[in-house]
Amino acid sequence: MPTSNARSFAASTARVDRNARLMHADEPLLRLHHDLGGTDNGELAVPPLLELVRHSLRLGMRLSRPVTTAAADALIDMWCECSPDANGVTLILTLWHEQPLPQPIEITGPGLPANPLDAEIRLDPLGRILRFDPPKGYPGPDDSDRLLLAPLSAVLRRLTGEPIDDPAQIDDVKVRLIGDERDWTATLRNDATSPGHILTLSQAPPPTDPAAVPLFPPLFDGERLGHLFGSQIGPALRLPIGRIIANAETIGGRLEGPLRADYAGYASDIASAGRHLLALVDDLADLEAVEATGFSAAREPVDLADLSRRAAGLLALKAADRQIRIDKPAEDETLPAIGEFRRVLQVLLNLLGNAINYAPDGSMIWLRLDDGADWASVTVADQGPGLSDEDQQRLFNKWERLGRSGDGGSGLGLYISRRLALAMDGDLAIESAPGQGARFTLILPKG
């Protein structure tokens, strides 16, 4: 599976029987299943997904949680929702993101400490440990796996015993390694082979010429941190939030035995709050992406009818919980347009999700197609409370929630959706009036 660059997919579906045999799967799960040795109609070959499917079958309940797995040369993160029934399990996979496996750090030649009594610590741009080469006779911990991305305080202390987190604070000063009573002189330099830095601990005296040591850039550089959410902060938050959701669902499912009804309700509230937090993390990552300099969307042929049916299928269970019916395009309908597949699906999922959230129970939502000479559109119409002219003017503003509270929304969904539509040379429009529902229309070029 080619992984020269990170790749993302908006959503895909799969179906397994009660023996966990894969009966159907969209790309990219089918490709991953085959890459991991799976066969047609054979047992699902993705271990964490297989475990989640079996867990869902044992509990007889719908489960959703983040999943991380590895292909031959890629690390894959996704969100998986399993819905069991009498014949098997339906899987809905969203937020699929592939990135190359981390390359091992090789230190050869000049990168090694020149003196066997010297120590060397390789750091990433935020000052976290990538590699620790302890000095000869060092009695303390040097477990590379345990120390990966750990702060300097995991191995280093000031002579006074205070922990050290910021390398810039200790350049050319005396320090001590944890478990080692010897005094070391810390010398910092930029890493010529990567964006990080190298901290050398030596028994030699500190240099007397301040110009001999390169200046260390600010640890919390606003420009650098401005693009870290999607790549580092977001993934770091998804893991603990995912664990909270998984544990809450396990408690609510009474897997460990009988549980008071109110405690089961608390567990359900915790899982729901976790999903809201996870959605906020995703919104912030998308916000960072669409506001980045030079952001653009791919130009590829898409079928708005097919994407509308996919969005309706992905949110069918959510709508059914409220007895809301979705009138989607017929299976034989097509409407070609130009856009980016996953971004168009992302916009439609946001529009349809909003319609379900604010439409009355037992109402109808329509997905309608239209086209002109050089444009195509899909409209999501609901029977909700509608919006005033004033609210419509504010609707696409960032963080705008029109005074709502308690619904778990971030106020970013429509702002991001319109930015995505504009990036695809299209637009997102609204028609509404109080008491008459709302009609959101995504417009895209035909070519």
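Scroll up to find the structure this text is about.
Residues numbered from 1 in each chain as written. Predicted model: local features only at pLDDT ≥ 70, side-chain atom pairs only at ≥ 80, totals over all residues. Heavy atoms only, no water.

### Quick word on the sheet that holds strand S18 (residues 438-445)
Taking strand neighbours across the sheet as the criterion, the five strands line up as S13-S15-S16-S18-S17 in an open arrangement whose pairing is mixed. Only two strands of the sheet have a single partner each, and these edge strands are strand S13 (325-327) and strand S17 (427-432). Here the strands of the sheet are splayed against their neighbours by 15° on average, with no regard to which way each runs. In the sheet, S13 pairs with strand S15 (residues 364-371) via three bridges, with the strands oriented parallel. Paired with Ile326 across the bridge in S15 is Ile365. The strands touched by helix H7 (residues 304-314) are S13, S15, strand S16 (375-381) and S18; relative to S15, the strand with the most contacts, the crossing angle is about 165°. Docked against the sheet, helix H11 (residues 413-423) engages S17 and S18, running at close to 130° with respect to S17. (Pairing = 2+ DSSP bridges. Helix = DSSP H or I, 4+ residues; strand = E, 2+ residues; numbered from the N terminus. Axes fitted to C-alpha atoms, helices over the stretch in contact; angles between N-to-C directions. Contact = heavy atoms within 4.5 Å.)

### A look at the packing of aromatic side chains
Counted according to the given criterion, the structure contains zero aromatic pairs. The residue whose ring lies beneath Arg418 is Phe396, and the NZ or CZ to ring-centre distance is 5.4 Å. (Phe/Tyr/Trp six-rings, centres within 6.5 Å; stacked < 30°, edge-to-face > 60°. Lys NZ or Arg CZ within 6 Å of the ring centre and 35° of its normal.)

### Considerations on a nonpolar patch on the surface
On the surface, a cluster of nonpolar side chains totalling about 280 Å² of accessible area is made up of Leu277, Leu280 and Trp399. Assignment of secondary structure puts Leu277 in helix H6 (residues 261-290). (Patch = residues over 30% accessible without salt bridge, like charges linked within 9 Å, V, L, I, M, F, W, Y side chains within 5 Å. Areas by Shrake-Rupley, 256 points an atom, 1.4 Å probe, with all protein chains shown as cover. Salt bridge = Lys/Arg side-chain N within 4 Å of Asp/Glu carboxyl O.)

### Concerning helix H2 (residues 47-59)
Here H2 contains 13 residues, and its C-alpha end-to-end distance of 18 Å stays within 8% of the 18 Å for a straight helix at 1.5 Å per residue. Among the residues making up H2, those that are buried are Leu49, Leu50, Leu52, Val53, His55, Ser56, Leu57 and Leu59. Gly60 lies just past H2 and shows a positive phi near 65°. (Expected span 1.5 Å × (residues − 1). Buried < 20%, exposed > 50% of the residue type's maximum accessible area, 1.4 Å probe, protein only.)

### Topic: the nonpolar core
A general feature of soluble globular proteins is that nonpolar side chains tend to end up buried together. Ranked by internal contacts, the top residues of the largest apolar core, which has 46 residues, are Val344, Leu352, Phe440 and Leu442. Where this core is concerned, the elements lending two or more residues are H6, H7, helix H9 (341-358), S15, S16, H11, S17 and S18. A per-element tally of this core places H9 first, with eight residues. Apart from residues lying up to four places away in sequence, Leu352 is in contact with Ala311, Ala312, Leu315, Ile326, Ile365 and Val380. Listed in part, the 27 residues of the second largest apolar core include Ala14, Leu49, Val53 and Val67. (Core = buried A, V, L, I, M, F, W, Y, C linked by side-chain atoms within 4.5 Å.)

### Thoughts on the environment of Pro163
Turning to its location among the elements, Pro163 is positioned in the loop between strand S8 (156-158) and strand S9 (173-177). If near-sequence neighbours (up to four positions away) are discounted, Pro163 is found in contact with Ser153, Leu156, Arg157 and Arg158.

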